[in-house]
Amino acid sequence: MSIFLPVAGVSINLFLLVGVGALVGFLSGMFGVGGGFLLTPILMMIGIPPTVAAASDSCQIVAASSSGAMAHFRMGNVDVKLGSILLVGGLAGAAVGVRIIKALRAMGNADLVITLTYVVVLGGVGGYMFLESLQSLRHGALARKPHKPGATQSLLGRLPMQVNFPRSGVQHSIFVPFLLCAFVGILAAIMGVGGGFIMVPMMVYLLRMPMHVAVGTDLFQILFTCAGVTFMQANTNHTVDLVLALLLAVGSSIGAQIGARVGKLLRGDQLKILLATIVLIVMVKMAVGLVLTPSSLLSYAKGH
Amino acid sequence: MKRQFVSGLILLSLAWSAAPARGQGATQPAPAQTAQALTVALSPSRILLETFYSGAQVRVTGTAPAGTEILVTVKGPEAEEELNRKARVGPIWINRGKVRIAGAPSLFLSFGTRPARELLGRPVLDQFQLDEAAILKGMRVSPKEFDQPVIRANFMAMKKNQNVYQEAAGPVKLGPAGPAGVPYSLEFHWPRKAPPGSYKVEAAACRGGAVEATASSELVLEEVGFPAWMAGLAREHGSLYGLLAVLAALLAGFGIDFVASRLGKKGVMAH
């Protein structure tokens, strides 16, 4: 059964779209990532124009993350207080990141910087998370002993405006999550992704949030970020296909519910190593793609 | 002897009566040739892009002057396309600059009794862009420093991968000759990636490497009903459409969460 997508201008099998959405939604609910890194290329592969794929992807993330965030909220995994600070920091960082990209584009180096940032950030975050969670899994309970504050933690603890975040069980200066998220926002804007891949590990390792709360809180902030992006894409580029987004959303919302429940069955360490594996696979695929001679020297502009 | 003389007279009179007819044929078209004009008809001539549109089968029929061969082309309007160009920087391949390509149809399908290059000479093919080689030549690539054969060939390959460029996409079938000429027909599946718009379907009657006659018709691909309304809203009321998109996505997410949580409570969905 096919359906005609009015903005994309193509006819696609309805069940294929719902199925693709469900797969991405599963990952989103389980790991707190938006899934844009996976969905946009899949949509392009099945015949959606690149600009429409990228914009409609943001719209479906709104649905998937709202469904996933609600599921996590009921489980007590959303730190609204910390999430709000992260959101403001992320938006500020994204605004700076967009300006950086504009300047790099003017200099003609934007694509090189974006690509290298992708590989370095994904490789660094994925590699660290993989090794850390592998060590933790190997040593079992010993590795899960209470973390001793190091020099960095002590320094952070001396910063002004310390705020307690009971849901996450941590205390930080308000500047720490704000600046951290601003940095992730800059990276996300440069890389053109939602930032879940970077945000969740940062929350776990630098803010010392429990993995499940990091996932739920990340979905909470992704919801607002992607709502803003969807509105801007629709208003400026007219490339959001609502029919496509809603079909993907139906699939991804269901997938996110299942993902959130499956994630609950796994321990934090297990979730971390799975996420690290996916991050590393994406990084390796990108790195190989950079070195191999492409089959075509031309590609459609995705928009950024 | 007498019988042979009479037969000779009859033959002479027949030859005499036939001579003016040949003479007339040399100065103006014979009535039979005028009747054998090239025609082209489409079924359907409008493809409606409705909500559950899943592609369409198009049939082209017509008649051609006896002794000619048929080449049918379907072309979409030309549009300039901007693409990323990959280049090697050290050991890595990255997007390095934009390439703009114009002068190529957005869609090109060709069908013939034989391949186009066997029916027509190269100058004619190039002049009317009747095959892929002609389209390759006719492209305009800018900036000029990126105008390389590999760029043109990659563009052609992209279009072929999308199935919007298909040379010798199918055979044209010829029927038995009649007073109106030779009937021809072809049938093909309309490419699903072709965007809404107006497409020119042109039939050429070919003889001796030249085009003897052409006839064309228009095939319109048009959004109607809900898709037309939705596309119009997205184009003309971007902010309202954006707001609607966000609200609809939120409703979908919360709605599914509500259903899932109810099912979860009833034990349908494992926690």
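### A look at the interface of chain A and chain B
Contact residues are listed per partner, giving 59 residues for chain A and 60 residues for chain B. Here chain A is connected to chain B by 11 residue pairs in polar contact (both at pLDDT 80 or more). Of all the elements in the fold, those that place two or more residues in the side of chain A that touches chain B are strand 1 (2-5), strand 2 (10-13), helix 3 (50-74), helix 5 (110-139), helix 9 (211-236), helix 10 (242-265), helix 11 (268-291) and strand 5 (298-300) of chain A. When residues of the side of chain A that touches chain B are assigned to their parent elements, the largest contribution, 11 residues, is made by helix 10 of chain A. Broken down by class, the residue content of the side of chain A that touches chain B amounts to 36 nonpolar, 18 polar and 5 charged. Here strand 5 of chain A runs beside strand 5 (residues 81-89) of chain B; their pairing, made up of 3 bridges, is antiparallel. Across the sheet, the residue bridging to Ser-299 of chain A is Asn-84 of chain B, located in strand 5 of chain B.

### A closer look at the nonpolar core
Core analysis: the biggest nonpolar cluster contains 48 residues, and Val-60, Val-72, Val-74, Ile-101, Tyr-184, Phe-188 and Trp-190 of chain B have the highest contact counts within it. Other than its neighbours up to four places away in sequence, Phe-188 of chain B contacts Ala-56, Gln-57, Val-58, Val-60, Val-74, Leu-109 and Phe-111 of chain B. Ile-85, Val-176, Leu-180 and Met-211 of chain A belong to the second largest nonpolar core, which has 46 residues in total.

### Here we look at helix 10 of chain A
In an α-helix, one full turn covers 3.6 residues, which means residues spaced three or four apart are oriented alike. Residues and elements named next belong to chain A. In a regular helix each residue adds 1.5 Å, so 24 residues correspond to 34 Å; helix 10 covers 34 Å between its end C-alpha atoms and thus fits that length. Taking burial as the measure, the 24 residues of helix 10 include 17 buried ones, the bulk of the element. Its side-chain oxygen placed 3.2 Å from the backbone nitrogen of Val-243, Asp-241 serves as the N-cap of helix 10.

### Let's talk about the sheet that holds strand 5 of chain A
Ordered by their spatial adjacency, 4 strands build an open sheet running 5(A)-5(B)-6(B)-8(B), and the pairing between neighbours is antiparallel. The outermost strands of the open sheet, each flanked by one partner alone, are strand 5 of chain A together with strand 8 (140-142) of chain B. Pairs of neighbouring strands in the sheet enclose a mean axial angle of 40°, with direction left out of account. The sheet contacts of helix 11 of chain A involve strand 5 and strand 6 (92-102) of chain B, and relative to strand 6 of chain B the element is tilted by about 65°.

### Points about the sheet that holds strand 1 (residues 41-43) of chain B
Residue and element names in this part refer to chain B. Spatially, the 4 strands line up as an open sheet ordered 1-3-11-10, and their pairing is antiparallel. Pairing within the sheet leaves two strands with one partner each, and these edge strands are strand 1 and strand 10 (173-174). Taken together, the 3 bridges between strand 1 and strand 3 (residues 57-64) define a ladder with antiparallel strand orientation. Within strand 3, the position partnered with Ala-41 by the bridge is Thr-61.

### Topic: the environment of Leu-131 of chain A
By the secondary structure assignment, Leu-131 of chain A is in helix 5. Considering only alpha carbons, one finds Leu-131 of chain A and Ala-182 of chain A, 51 residues apart in sequence, at a separation of 26 Å.

### Comments concerning the state of the cysteines
Residues and elements named next belong to chain A. What the rule picks out here adds up to 0 disulfides over all chains. Cys-59 forms no disulfide, and the closest cysteine sulfur to it belongs to Cys-226, at a distance of 9.7 Å. With relative accessibility at 1%, the residue Cys-59 sits in the buried group. Unpaired in terms of disulfides, Cys-181 finds its nearest cysteine sulfur in Cys-226, a separation of 13 Å. Judged by relative accessible area, which is 1%, Cys-181 ranks as buried.

### Considering the confidence of the model for chain A
Mean pLDDT over chain A works out to 81, with 89% of the residues at or above the 70 mark. Within chain A, the lowest mean pLDDT, 70, falls on helix 6 (residues 151-157) of chain A, and the highest, 90, falls on strand 1 of chain A.

### Here's the deal with the environment of Arg-192 of chain B
If you trace the backbone, Arg-192 of chain B turns up in the loop between strand 11 (182-189) and strand 12 (197-207). Of the residues examined, Arg-192 of chain B reaches a relative accessible area of 35% and is grouped as partly exposed. Each C-alpha atom, one on Arg-192 of chain B and one on Ser-54 of chain B, is 7.7 Å from the other, the two residues being 138 residues apart in sequence. Once residues lying within four places of it in the same chain are set aside, the contact partners of Arg-192 of chain B are Ser-2, Gly-9, Val-10 and Ser-11 of chain A together with Ser-54 and Gly-55 of chain B.

### Digging into the pairing of strand 12 of chain B
Residues in a regular strand project their side chains so that they alternate between the two faces of the sheet. All names here are of chain B. In the sheet, strand 4 (residues 69-75) pairs with strand 12 via 7 bridges, with the strands oriented antiparallel. Opposite Val-72, over in strand 12, you have Ala-203 as the bridge partner. Across 11 bridges, the pairing between strand 12 and strand 13 (residues 210-223) is antiparallel. Bridging from a neighbouring strand, Gly-197 pairs with Leu-221 of strand 13. The loop that links strand 12 with its antiparallel partner strand 13 comprises 2 residues; one of these, Gly-208, has a positive phi angle of about 60°.

### Some points on the packing of helix 1 (residues 14-31) of chain A against helix 10 of chain A
All names here are of chain A. One can describe the packing of helix 1 onto helix 10 by two numbers: an axis separation of 5 Å at closest approach and a directional angle of 35°. You can see that helix 1 and helix 10 cross each other, and the crossing is right-handed. The segment helix 1 lies against helix 10, with Leu-14, Leu-17, Val-18, Val-20, Gly-21, Ala-22, Gly-25, Phe-26, Gly-29 and Met-30 engaging Leu-244, Leu-247, Leu-248, Gly-251, Ser-252, Gly-255, Ala-256, Ile-258, Gly-259, Ala-260, Val-262 and Gly-263. Classifying every residue of the contact of helix 1 with helix 10 gives 14 nonpolar, 8 polar and no charged.

### Let's talk about the environment of Ala-64 of chain A
All names here are of chain A. Considering the arrangement of structural elements, one finds Ala-64 in helix 3. Residues Ala-64 and Met-211, spaced 147 residues apart in sequence, show a C-alpha to C-alpha distance of 19 Å. When near neighbours in sequence (up to four residues on either side) are disregarded, Ala-64 contacts Ser-252, Ser-253 and Ala-256.

### Points about the pairing of strand 2 (residues 46-49) of chain B
Residue and element names in this part refer to chain B. Residues Ile-47 and Leu-49 line the buried face of strand 2, whereas the alternating positions Arg-46 and Leu-48 sit on a face that is not buried. Of the pairings in the sheet, the one linking strand 2 to strand 13 comprises 4 bridges and is parallel in character. Of the residues in strand 13, the one forming a bridge with Leu-48 is Glu-222.

### Some details on the packing of aromatic side chains
Residue and element names in this part refer to chain A. Counted by the stated rule, this structure contains 8 aromatic pairs over all chains. Ring geometry for Tyr-128 against Tyr-205: centres 4.9 Å apart, planes inclined by 75°, an arrangement best described as edge-to-face. With Tyr-128 in helix 5 and Tyr-205 in helix 8 (residues 196-205), the pair connects residues that are 77 residues apart, well separated along the chain. For the ring pair Phe-220 and Phe-224, a centre distance of 5.3 Å and an interplane angle of 70° mean the geometry is edge-to-face. Of the two residues, Phe-220 and Phe-224 both sit in helix 9, 4 residues apart, roughly one turn of that helix. Judged by relative accessible area, Phe-220 falls into the buried class, the value being 15%.

Cut-off values and rules
- Residues numbered from 1 in each chain as written.
- Chains lettered and ligands numbered in written order.
- Predicted model: local features only at pLDDT ≥ 70, side-chain atom pairs only at ≥ 80, totals over all residues.
- Heavy atoms only, no water.
- Contact = heavy atoms within 4.5 Å.
- Polar contact = N/O pair within 3.5 Å; in protein donor to acceptor, adjacent residues only side chain to side chain.
- Helix = DSSP H or I, 4+ residues; strand = E, 2+ residues; numbered from the N terminus.
- Nonpolar A, V, L, I, M, F, W, Y, C, P; charged D, E, K, R; others polar.
- Pairing = 2+ DSSP bridges.
- Core = buried A, V, L, I, M, F, W, Y, C linked by side-chain atoms within 4.5 Å.
- Buried < 20%, exposed > 50% of the residue type's maximum accessible area, 1.4 Å probe, protein only.
- Expected span 1.5 Å × (residues − 1).
- Axes fitted to C-alpha atoms, helices over the stretch in contact; angles between N-to-C directions.
- Disulfide = S-S within 2.5 Å.
- pLDDT = per-residue confidence, 0-100.
- Left-handed = near helix turned anticlockwise from the far one by under 90°.
- Phe/Tyr/Trp six-rings, centres within 6.5 Å; stacked < 30°, edge-to-face > 60°.

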